[in-house]
Protein chains: 2
Amino acid sequence: MIGLRKPKIVILGAGYGGLMTATRLQKSLGVNEADITLVNKNDYHYETTWLHEASAGTLHHDRVRYPVENVIDRSKVNFVKGTVASIDREGKKVVLEEGEYPYDYLVVALGGESETFGIKGLKEYAYSITNVNSARQIREHIEYQFATYNTEEEKHEDRLTIVVGGAGFTGIEFLGELANRIPELCKEYDIDQNKVQVLCVEAAPSALPGFDPELVEYAVSLLERKGVEFRIGTAIKECTPEGIIVGKDDQEEEIKAGTVVWAAGVRGNSIIEASGFEAMRGRVKVDQFLRAPGHDDVFIIGDSSLVINEEINRPYPPTAQIAMQQGENVAKNISVLVRGQGEMQDFSFDNKGSVCSLGEDDAIGVVFGKKVVGTKASFMKKMVDNRALFMIGGPSLVMKKGKFKLL
Amino acid sequence: MIGLRKPKIVILGAGYGGLMTATRLQKSLGVNEADITLVNKNDYHYETTWLHEASAGTLHHDRVRYPVENVIDRSKVNFVKGTVASIDREGKKVVLEEGEYPYDYLVVALGGESETFGIKGLKEYAYSITNVNSARQIREHIEYQFATYNTEEEKHEDRLTIVVGGAGFTGIEFLGELANRIPELCKEYDIDQNKVQVLCVEAAPSALPGFDPELVEYAVSLLERKGVEFRIGTAIKECTPEGIIVGKDDQEEEIKAGTVVWAAGVRGNSIIEASGFEAMRGRVKVDQFLRAPGHDDVFIIGDSSLVINEEINRPYPPTAQIAMQQGENVAKNISVLVRGQGEMQDFSFDNKGSVCSLGEDDAIGVVFGKKVVGTKASFMKKMVDNRALFMIGGPSLVMKKGKFKLL
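Residues numbered from 1 in each chain as written. Chains lettered and ligands numbered in written order. Predicted model: local features only at pLDDT ≥ 70, side-chain atom pairs only at ≥ 80, totals over all residues. Heavy atoms only, no water.

## Structural notes on the overall build of chain A
Inference 1: Of regular secondary structure, chain A possesses 9 helices and 27 strands.
Inference 2: Judged by the C-alpha coordinates and their principal axes, chain A covers about 80 × 45 × 40 Å.
Inference 3: Taking all 407 residues of chain A together, 55% fall into the buried category.
Inference 4: Here the analysis covers contacts within chain A between residues at least 6 apart in sequence; of these, 66% occur between residues at least 24 apart.
Inference 5: Counting every atom, chain A has about 18400 Å² of accessible surface; 49% of that belongs to carbon and sulfur.
Inference 6: In chain A, 48 positive and 59 negative side-chain charges are present, and the distance between their average locations comes to 6 Å. (Helix = DSSP H or I, 4+ residues; strand = E, 2+ residues; numbered from the N terminus. Buried < 20%, exposed > 50% of the residue type's maximum accessible area, 1.4 Å probe, protein only. Contact = heavy atoms within 4.5 Å. Areas by Shrake-Rupley, 256 points an atom, 1.4 Å probe, with all protein chains shown as cover. Lys, Arg positive; Asp, Glu negative; His and termini not counted. Charge placed at Lys NZ, Arg CZ, Asp CG, Glu CD.)

Dropping the structure here:
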């Protein structure tokens, strides 16, 4: 049928959600059924959940990323390397810095941003574990601090102090890597390990809020044994070029630190609000098909979407696991819409559990409802990491990028 | 003979000159003939002439150093890790931060310091290739600049500009390594190599003053082909946190640069002048036995000594080669003095030539009076480097630390 226009599907972001959508769509739809375009800032995908390793320097950043080309069938998906400026909902097009892309169906999978809760100086003076660029900057910043220490006649001990803001999932995983990395750094830069201080500041009354208290205790005492000092129930009031100012029970204290890494909190992508979607901290409360309310053609998944866990009437935390399941769901539903046959399926999150690593050889977690710690949990964590690769890129990607030092 | 006091020989510094003195003395003198003490700031020796590689990041800093213990016979030489505060010439003792050491014969082999010629801001804002600490700081500083570039929304291209002050031996050798390192850094940090600028500023009317013009031409055009830009006959007027201000023919120009490495000029050690020795830029014009004028018990060798090349009536430049020959001469003469028999020998420098490397695989030089370039010169350079190891630590040190990628 000459003149019949193929529907245009545009996917924004090649993270867990976006790549899952793209790889599932390229399988389910034929070349003649739709035009699929995937837009991403970089020509590579990175494993957000591995960035704490690249940041600490325990895993090279090239190990946490792979070219989008590796998993995309370019005969079916048009890949555009570009930066999204805004989404024109009325005009049904995406505005990139490099041009415009009209869509019939849009999948917004742009990922989250660091949430600084308006804390003064955090944006300017703290590092955050956000992407490959920021991860290797953290790695190099810490190395530079250590390298500089011995060049100074008057020693600045605070160069060797690293503050991690937040004892949530990312904060704890980063601390686990850091604790393993510090002895290596001390050897590399001829530094007495006793002079190094690693400090975790958490405003909540406990580390890893939401995790089983027994597991939290395991994690905290393991990290403490490795030299991490915790300040729980302590809020960062301000970040300065010299360190941080913390507050607890109306008392303020300055902690000097050469490195401050903010690892507490993710918000939705700023493009969401900039494009006029109604959102809470950048996250859109999507409908049962993961669509933005009032927009039958816009699906939002991953860190910028908000899905309520009915059991506890609170949002699911943004994870790779949920983003990937959302991607699968959206791919199915868009196929239904494109073909005009079948029925869309509601999204429901199948929580397989979560494992929080504590360095290469230890972890804590709940998997299929069971608590695990130690090497067993660490093994599970690597399986989880390899599974994400497998789901998106199949066995060949696991071979290329997988974690095989399993025990 | 009970009560006969053994003369105390104190050697300050475990560089080329100091280690040569110590290893030769431990061979020539018996345990009962003298007490030998070697004082050094670090418990390791480093190859000053390889620091440009560690600074560029082309050779790990652990490859350019080895423990002093490796080459010292501890039954004959007492090694003290300590920092010299001053030399008490009247009291015939060395004052360390950690205590005092009386001497009958003193060998000052403390090495040189960076000469900044009073240029404003150089001490504060420029790096210098001085020791292991400063070398790895330069390496990490450059890496941090490259790592930071991609994290910034507004790109600061000058982060990728590296200024090398001085086109003398060290400057040119550093540029050679840097030119090889830049493509690796660009790969590591996802940076377009065209954005990187490496600039060499030299006040003299030519690069490598004193070298054969044909060889200089070879070096400069090779480095230019690899992307280095030369500003010859251009003086650095000031160094600022943002870069440098240069002057040529009454014109001033600001060059913004994330990294400024000052590689132009060595002066004698500040301990020399602080201890009241008469000196020119920290260098003492020693007598024919390498003694400080008026001090029969103080030998000064290496970068803090000044020996005139009678042929051209100018001082020999400070090199590892001359320092090692001085160390040998001093060891012989101290043996003569300790034993009270034989005659002291005048020092005379036997110039075997010099090779200036241009990266791992190229070099220029004059060896035994013959000009060499290219792989042949590069091979010679590695032989020179290995020879220094051999002279001080014998074949086992060459095996441990030698450069074997000879072709």
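Read on, since the account is not over.
## Considering the sheet that holds strand β7 (residues 93–96) of chain B
All names here are of chain B.
Inference 1: Pairing is antiparallel across the open sheet formed by 3 strands, whose spatial order is β6-β7-β8. Taken across any chain shown, the strands that pair with only one partner, and hence form the sheet edges, are β6 (84–88) and β8 (99–102). Going across the sheet, the axis of each strand differs from the next one's by a mean of 20°, ignoring polarity.
Inference 2: Here β7 pairs with β8 via 4 bridges, running antiparallel. In the strand pairing of β8, leucine 96 is matched with glycine 99. (Pairing = 2+ DSSP bridges. Axes fitted to C-alpha atoms, helices over the stretch in contact; angles between N-to-C directions.)

## Observations regarding the sheet that holds strand β26 (residues 363–367) of chain A
Residues and elements named next belong to chain A.
Inference 1: The antiparallel open sheet is built from 3 strands, whose spatial order is β25-β26-β27. Two strands lie at the open edges of the sheet, namely β25 (353–357) and β27 (370–373), each paired on one side alone. On average, adjacent strands in this sheet sit at an angle of 10° to one another, irrespective of strand direction.
Inference 2: One ladder, built from 5 bridges, connects β25 with β26; its direction is antiparallel.

## Quick notes on unusual backbone geometry
Inference 1: Even without glycine at this site, A:Arg281 takes up a positive phi of about 45°.
Inference 2: Positive phi, close to 55°, is recorded for B:Asp190, a residue that is not glycine.
Inference 3: Looking at the element boundaries, B:Asp190 is found in the loop between α5 (169–188) and β13 (197–202).

## Describing the nonpolar core
Inference 1: Residues A:Phe146 and B:Phe146 are the most contacted members of the largest nonpolar core, which totals 224 residues.
Inference 2: Apart from residues no more than four positions distant in its own chain, B:Phe146 is found in contact with B:Leu160, B:Ile162, B:Ile182, B:Leu185, B:Cys186, B:Tyr189, B:Ile191 and B:Val196. (Core = buried A, V, L, I, M, F, W, Y, C linked by side-chain atoms within 4.5 Å.)

## Overview of the pattern of salt bridges
Any two side chains of opposite charge can pair, on the condition that their charged atoms come close.
Inference 1: One pass over the full model with this rule turns up 58 salt bridges over all chains.
Inference 2: With its nearest N and O atoms 2.7 Å apart, the salt bridge here joins B:Arg65 to B:Asp62.
Inference 3: Residue B:Arg74 is joined to B:Glu69 by a salt bridge in which the shortest nitrogen-to-oxygen separation is 2.4 Å.
Inference 4: Overall, the relative accessible area of 48% leaves B:Arg74 in the partly exposed class.
Inference 5: Beyond isolated ion pairs, a larger network of salt bridges with shared partners links A:Asp62, A:Arg65, A:Arg136 and B:Asp190. (Salt bridge = Lys/Arg side-chain N within 4 Å of Asp/Glu carboxyl O.)

## Looking at the relation of the copies chain B and chain A
Inference 1: Screw-axis analysis of chain B against chain A gives a translation of 0.0 Å along the axis, an RMSD of 0.0 Å, and a rotation angle of 180°. Both copies of the chain, as the preceding transformation shows, are related through a two-fold rotation axis.
Inference 2: Mapped onto chain A, 100% of the interface residues of chain B again fall at the interface, so both copies present the same surface. (Least-squares fit on C-alpha atoms with pLDDT ≥ 70 in both.)

## Regarding the interface of chain B and chain A
Inference 1: On the chain A side, the residues contacting the 21 residues of chain B number 21 residues.
Inference 2: Counting each side, the surface lost to burial between chain B and chain A is near 1800 Å², with a carbon and sulfur contribution of 40%.
Inference 3: Our count for the chain B to chain A interface comes out at 6 salt bridges.
Inference 4: The salt bridge partner of B:Glu188 is A:Arg139, with a shortest N-O separation of 3.0 Å.
Inference 5: Applying the counting rule to chain B against chain A returns 24 residue pairs in polar contact (both at pLDDT 80 or more).
Inference 6: With 11 residues, helix α4 (residues 132–149) of chain B is the largest single contributor of residues to the side of chain B that touches chain A. (Buried area = accessible area lost by both parts, 1.4 Å probe. Polar contact = N/O pair within 3.5 Å; in protein donor to acceptor, adjacent residues only side chain to side chain.)

## What to know about the side chain of A:Asn150
Inference 1: Mapped onto the secondary structure, A:Asn150 falls in the loop between α4 (132–149) and β12 (161–165).
Inference 2: Contact partners of A:Asn150, with chain neighbours within four places excluded, come to A:Lys155, A:Tyr189, A:Asp190, A:Ile191, B:Asn133 and B:Arg136.

## Some points on the packing of aromatic side chains
Inference 1: Under the defined criterion, the tally for this structure stands at 7 aromatic pairs over all chains.
Inference 2: On the basis of an interplanar angle of 15° and a centroid distance of 6.4 Å, the ring pair of A:Tyr144 and B:Tyr144 is categorised as stacked. Residue A:Tyr144 is found in helix α4, and its partner B:Tyr144 is found in helix α4; the two belong to separate chains. Like B:Tyr144, A:Tyr144 is buried.
Inference 3: When the centroid spacing of 4.8 Å and the interplanar angle of 75° are considered together, the rings of A:Tyr316 and A:Phe349 count as edge-to-face. Residue A:Tyr316 is found in the loop between β24 (314–315) and α8 (320–339), and its partner A:Phe349 is found in the loop between α8 and β25; the two are separated by 33 residues along the sequence. In this pair, the class of A:Tyr316 matches that of A:Phe349, namely buried.
Inference 4: For the cation-ring pair, A:Lys155 lies above A:Tyr149, with the distance from its terminal atom to the ring centre recorded as 5.4 Å.
Inference 5: Lying across the ring of B:Tyr44, B:Arg65 places its NZ or CZ 4.6 Å from the centre. (Phe/Tyr/Trp six-rings, centres within 6.5 Å; stacked < 30°, edge-to-face > 60°. Lys NZ or Arg CZ within 6 Å of the ring centre and 35° of its normal.)

## Section: the side chain of B:Ser378
All names here are of chain B.
Inference 1: For serine 378, the position within the fold is in helix α9 (residues 374–401).
Inference 2: Given the relative accessible area of 4%, serine 378 is considered buried.
Inference 3: Not counting residues within four places of it along the chain, the set of residues in contact with serine 378 comprises Glu360, Asp361, Asp362 and Ala363.

## With respect to the domain arrangement of chain A
Inference 1: What the domain assignment reports for chain A is domain 1 (8–41 + 82–114 + 267–351) and domain 2 (124–264).
Inference 2: Taken over C-alpha atoms, the centre of domain 1 of chain A sits 35 Å from the centre of domain 2 of chain A. (Domains from an automatic or database assignment.)

## Description of the environment of A:Met391
All names here are of chain A.
Inference 1: Tracing the backbone through its elements, the reader meets methionine 391 in helix α9 (residues 374–401).
Inference 2: For the pair formed by methionine 391 and methionine 324, sequence separation is 67 residues and the distance between their alpha carbons is 8.5 Å.
Inference 3: Other than its neighbours up to four places away in sequence, methionine 391 contacts Met20, Arg24, Met324 and Glu328.

## Regarding the packing of α4(A) against helix α5 (residues 169–188) of chain A
Residue and element names in this part refer to chain A.
Inference 1: Orientation of α4 relative to α5, taken along the N-to-C sense of each, is 35°, at an axis distance of 12 Å. Handedness of the α4/α5 crossing: right-handed. Contacts between α4 and α5 involve Ile138, Ile142, Glu143 and Phe146 from the first element and Phe174, Leu178, Arg181, Ile182, Leu185 and Cys186 from the second.
Inference 2: In terms of residue class, the contact of α4 with α5 is made up of 8 nonpolar, no polar and 2 charged. (Left-handed = near helix turned anticlockwise from the far one by under 90°. Nonpolar A, V, L, I, M, F, W, Y, C, P; charged D, E, K, R; others polar.)

## A short note on the packing of helix α1 (residues 16–28) of chain A against α8(A)
All names here are of chain A.
Inference 1: Following both chains from N to C, one finds α1 and α8 inclined at 35°, their axes separated by 7 Å at the closest point. For the crossing formed where α1 meets α8, the hand is right-handed. From α1, Tyr16, Gly17, Met20, Thr21, Arg24, Leu25 and Ser28 reach across to α8, where they touch Ala320, Ala323, Met324, Gly327, Glu328, Val330, Ala331, Ile334, Ser335 and Arg339.
Inference 2: Of the residues assigned to the contact of α1 with α8, the class counts are 9 nonpolar, 5 polar and 3 charged.

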